[in-house]
Amino acid sequence: MEYPGNLFVVAAPSGAGKSSLVKALLELDAKLSVSVSHTSRAPRGQEQHGREYWFVGLDEFRDMVARGDFFEWAEVHGNLYGTSRAGIESRMAQGDDVVLEIDYQGALQIKQLFPYAVLIFVLPPSWEELKQRLIRRGDTQPEVIATRMANARVEIDQARHFDFVVVNAVFDSAVFDLKAIVHAQRLKYAAQRRNRSAVFQALQLD
Ligand SMILES: Nc1nc2c(ncn2[C@@H]2O[C@H](COP(=O)(O)OP(=O)(O)O)[C@@H](O)[C@H]2O)c(=O)[nH]1
Ligand SMILES: Nc1ncnc2c1ncn2[C@@H]1O[C@H](COP(=O)(O)OP(=O)(O)O)[C@@H](O)[C@H]1O
C-alpha cells in the first residue's frame, strides 16, 4: 500500500441538493467514489439494495453496531444510518478518494476518527428555496416538510464546525466549488506526502 486516499464528507439539510451535487461531481471525477451507507429505513421508489443504500432490518443494524462494524452511525429523521468500515477501509487503503454523503452527526464523528477528512456543508440559498426544492422533489405531505424544515435549522447551526460551506444556488457553480475543494485537497495532500510517516500515523495505518 502506498498512500491512503482522501476522505471528503458532504452534509446538508434534506432538500439542499447534496445527492444531486455529489452525483454530478462523481460524473466529472473518475478518481472519486461514493460510499454506500447502511440504513434501517425501507427502500423508496426506485431505490436498489447496494446502490443508494444497503437496506437492513433494525435488528441487523443494531448487531452491526454491537460488532463495531461502523466508523460512524446516527439516527436521522427517525431512522438509523451508518458508514461501514468494510465499505471504505479497503478503498482508502488502495489510495482511492472516497466521498461520504452523511448527516452532520456522522460528519463530526468521522472528523474525530480521521482529522484529515475534509468536511463540506451544502447550504440552500434561502429557507424559501429549501422548502420549494422539497416540494418539487415530491415531499408533499405538510408534516414531512415541516419536520424537515425544523430539522434544517438544527443542522445548519452545525455548519460552523465544517471546513467548507458551499451555497447551492446555481447548480453548476456549486459543482464547480466542490471540484475546487477536491482539487485543493489533493494538492495539499501531495505536499504532505513529503512527510509520509506523519500521515501514516494520523491514519493509524502503521
Ligand atoms: N450519519 C449518517 N448519516 C447518513 C448516512 N447515510 C445517509 N445519511 C443521512 O441521512 C439523511 C436522510 O437520508 P435519506 O433517507 O436518503 O433521505 P433524504 O435526505 O430525504 O434524501 C441525510 O441527511 C443523509 O445524509 C450515514 O451512513 N451516516
Ligand atoms: N441548484 C439547484 N437549483 C434548483 N434545484 C436544485 C438545485 N440543486 C438541487 N435541486 C433540486 O432540489 C431537489 C433536492 O435535491 P436532492 O439532491 O435530492 O437533495 P438532498 O440530497 O440534499 O436531499 C431535487 O429535486 C433537485 O433536483
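Values in this document were obtained by computation on a predicted structure and should not be read as measured data.

Asks: Tell me about the overall build of the protein chain, and name the residues and values.
Replies: Looking only at helices and strands, the protein chain features eight helices and nine strands. Taken against the 2.2 N^0.38 rule, which gives 17 Å for 206 residues, the C-alpha radius of gyration of the protein chain at 17 Å falls within 12% of a compact globule. Taking all 206 residues of the protein chain together, 45% fall into the buried category. Partitioning the contacts of the protein chain with sequence separation of at least 6, the portion at a separation of at least 24 is 68%.

Asks: Go over the packing of helix 5 (residues 127-137) against helix 6 (residues 142-156) with me, naming the residues and quoting the values.
Replies: The N-to-C vectors of helix 5 and helix 6 enclose an angle of 135°; their axes lie 11 Å apart at closest approach. For the element pair helix 5 / helix 6, the angle class is oblique. Helix 6 is crossed by helix 5, and the crossing has right-handed handedness. Listed contacts from helix 6 to Trp 127, Leu 130, Lys 131, Leu 134, Ile 135 and Arg 137 of helix 5 are Ile 145, Arg 148, Met 149, Ala 152, Arg 153 and Ile 156. When grouped by side-chain class, the residues that make up the contact of helix 5 with helix 6 number eight nonpolar, no polar and four charged.

Rules and cut-offs
- Residues numbered from 1 in each chain as written.
- Chains lettered and ligands numbered in written order.
- Predicted model: local features only at pLDDT ≥ 70, side-chain atom pairs only at ≥ 80, totals over all residues.
- Heavy atoms only, no water.
- Helix = DSSP H or I, 4+ residues; strand = E, 2+ residues; numbered from the N terminus.
- Rg over C-alpha atoms; globule rule 2.2 N^0.38 Å.
- Buried < 20%, exposed > 50% of the residue type's maximum accessible area, 1.4 Å probe, protein only.
- Contact = heavy atoms within 4.5 Å.
- Axes fitted to C-alpha atoms, helices over the stretch in contact; angles between N-to-C directions.
- Parallel < 35°, antiparallel > 145°, perpendicular 65-115°, else oblique.
- Left-handed = near helix turned anticlockwise from the far one by under 90°.
- Nonpolar A, V, L, I, M, F, W, Y, C, P; charged D, E, K, R; others polar.

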